[in-house]
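Each chain, letter by letter, is given below.
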Amino acid sequence: MAQHLMVLLLGLLVSGCVHSPNVQFYVLEPLSQTALPKLESIKQRTIGIGPVTVPAMLERNQIITRSSDNTVTIVESQQWASPLRDNLLQALTRNISTLQSNNIVRPYPWSVHGAVDLQVIVDFIRFDTTPGKSANLEANWTIKNESTRTVLKSGHSVINRVMSDSSYPGTVRALSKILGEFSQELSLALFNVQKGY
């Protein structure tokens with residue numbers, strides 16, 4: 001009897017594994033190396049990107065989509081390949097490095113590489129999509145002189161773009177695109193700061 005019960009339990013476990021959905025993993029796409037003209041400062045600077053923060057709701061592996069009635073959808077089979085905060089930091093660093101081609105750009109924490117001249121702190125308030133409607137980014141950001149801890153410039157960015165592809169690959173592409181636009185805003189702010197620095 002016990003042996004039959006063990007066989008039945010094993011069968012249920014195997015059956016559960018067979019029917020569980022395959023998990024798809026995604027990463028944010030950085031800007032193309034030739035996407036935009038670079039903004040080159042007169043003197044080479046070292047720029048540190050981070051820390052980056054995200055809302056508690058986004059501190060999960062699953063990709064979040066938001067409905068117009070303020071409900072959210074979380075699907076276990078659609079996940080970020082790394083924590084979203086790390087994914088954002090990596091993509092932002094690569095984007096700013098592309099846009100600020102004559103500067104050295106490092107992700108937070110950069111202490112192992114030495115000090116930086118400028119620090120860019122980003123607090124994401126929103127980074128999601130409303131399927132069939134829009135991709136949405138909202139963030140507060142600050143550029144500081146790292147050695148003096150002086151705030152040189154700060155801002156609030158809101159980007160909402162219409163999206164037609166509501167699939168998860170389409171969602172990630174739309175989020176990558178608006179992150180690229182945000183990176184351009186930060187790059188321009190950095191360029192203006194460096195002119196007077």
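You'll find the structure just up there.
Along every chain, residues carry numbers that run from 1 in the direction the sequence is written. At least 70 in pLDDT is required for a residue's local features to be given in this predicted model, at least 80 for side-chain atom pairs to be given and counted, and no such filter applies to totals for whole chains, interfaces and linings, which use all residues. The basis for the side-chain values is all heavy atoms of the structure; hydrogens and waters are excluded.

### Looking at the side chain of Ser157
Here is step 1 of the chain: A run of H or I in DSSP counts as a helix once it spans at least four residues, and a run of E counts as a strand once it spans at least two, with each numbered from the N terminus. Considering the arrangement of structural elements, one finds Ser157 in strand 8 (residues 150-162).
Here is step 2 of the chain: Its relative accessible area of 3% is what places Ser157 among the buried residues.
Here is step 3 of the chain: Under this definition, polar contacts are N or O atom pairs within 3.5 Å; protein pairs additionally need one hydrogen-donor-capable and one acceptor-capable atom, and for neighbouring residues in sequence, both atoms have to be side-chain atoms. A distance of 3.0 Å separates polar atoms of two side chains, one belonging to Ser157 and the other to Trp141.
Here is step 4 of the chain: If sequence neighbours within four positions are ignored, Ser157 has contacts with Leu137, Glu138, Ala139, Trp141, Phe182 and Glu185. Here's how the labels work: a residue is buried when its accessible area is under 20% of the maximum for its type, exposed when over 50%, partly exposed in between, all with a 1.4 Å probe on protein chains only. Residue contacts are defined here by distance: any two heavy atoms, one from each residue, within 4.5 Å place the two residues in contact.

### Regarding empty space enclosed by the protein
Here is step 1 of the chain: The pocket and cavity definitions rest on a 1 Å grid over protein atoms only: a 1.4 Å probe that fits but cannot leave marks a cavity, an open set with protein on both sides within 12 Å along at least five of seven lines marks a pocket, and residues lining either have an atom within 4 Å of a point. Grid points are joined across faces, edges and corners, and a volume is the space filled by probe spheres set on the points. Scanning all chains against the criterion turns up one cavity of 30 Å³ or more.
Here is step 2 of the chain: Taken as a whole, the largest cavity encloses approximately 50 Å³ of empty space.
Here is step 3 of the chain: For the largest cavity, the full set of lining residues is Leu58, Arg60, Gln62, Ile63, Ile64, Trp80, Leu84, Phe127 and Leu175.
Here is step 4 of the chain: No other element matches the three residues that strand 3 (residues 62-66) contributes to the lining of the largest cavity.
Here is step 5 of the chain: Gly is put with the polar residues, along with every residue not named as nonpolar or charged; the nonpolar set is Ala, Val, Leu, Ile, Met, Phe, Trp, Tyr, Cys and Pro, and the charged set is Asp, Glu, Lys and Arg. For the lining of the largest cavity, a count of residues per class yields seven nonpolar, one polar and one charged.

### Examining the layout of surface pockets
Here is step 1 of the chain: Of the voids in this model, the largest pocket is the one considered here, and its volume is about 160 Å³.
Here is step 2 of the chain: In terms of lining, the largest pocket is formed by Ala135, Arg161, Val162, Met163, Ser164, Asp165, Gly170, Arg173, Ala174, Lys177, Ile178 and Glu181.
Here is step 3 of the chain: Residue assignment for the lining of the largest pocket shows that the elements contributing at least two residues are strand 8 and helix 3 (168-195).
Here is step 4 of the chain: For the lining of the largest pocket, the per-class residue count stands at five nonpolar, two polar and five charged.

### Notes on the pattern of salt bridges
Here is step 1 of the chain: By convention in these notes, a salt bridge is any Lys or Arg side-chain nitrogen within 4 Å of a carboxyl oxygen on Asp or Glu. Using the criterion set out here, one finds six salt bridges in the structure.
Here is step 2 of the chain: Here Glu59 makes a salt bridge to Arg85, at a shortest N to O gap of 3.6 Å. On the criterion of sequence distance, the pair formed by Glu59 in the loop between strand 2 (46-53) and strand 3 and Arg85 in helix 2 (residues 84-99) is long-range, its members being 26 residues apart.
Here is step 3 of the chain: Across the pair Arg149 and Glu146 runs a salt bridge whose closest N-O atoms are separated by 3.6 Å.
Here is step 4 of the chain: Given the relative accessible area of 14%, Glu146 is considered buried.
Here is step 5 of the chain: A network of salt bridges, in which partner residues are shared, links Arg66, Arg126 and Asp128.

### Things to note about the packing of helix 2 against helix 3
Here is step 1 of the chain: Where helix 2 meets helix 3, the closest approach of the two axes is 9 Å, and the angle between their N-to-C directions is 55°. It follows from the interaxial angle that helix 2 and helix 3 lie oblique. At the point where helix 2 passes helix 3, the crossing takes the right-handed sense. Seen from helix 2, the contacting residues are Leu88, Ala91, Leu92, Asn95, Ile96 and Leu99; seen from helix 3, they are Leu179, Gly180, Phe182, Ser183, Gln184, Leu186, Ser187 and Leu190.
Here is step 2 of the chain: In terms of residue class, the contact of helix 2 with helix 3 is made up of nine nonpolar, five polar and no charged. To get an axis, a line is fitted to the C-alpha atoms, and for a helix only the part in contact is used. The angle between two axes follows their N-to-C directions and goes from 0 to 180 degrees. Reported orientations rely on four angle classes, namely roughly parallel under 35 degrees, roughly antiparallel over 145, roughly perpendicular from 65 to 115, and oblique for the rest. The sense of a crossing depends on the near helix, which, turned anticlockwise from the far helix by less than a right angle, makes the crossing left-handed and, turned clockwise, makes it right-handed.

### Things to note about helix 2
For the α-helix, the turn length of 3.6 residues means that residues three or four positions removed from each other point alike.
Here is step 1 of the chain: Along its 16 residues, helix 2 runs 22 Å from first to last C-alpha, staying within 8% of the 22 Å computed at 1.5 Å per residue.
Here is step 2 of the chain: Of all the positions in helix 2, only Leu84, Asn87, Leu88, Leu89, Ala91, Leu92, Thr93, Asn95, Ile96, Thr98 and Leu99 are classed as buried.
Here is step 3 of the chain: Considering only its buried residues, helix 2 is in contact with strand 1 (24-26), strand 2, strand 4 (72-80), strand 5 (104-107), strand 6 (118-130) and helix 3. Each helix should span, by expectation, one fewer than its residue count multiplied by 1.5 Å.

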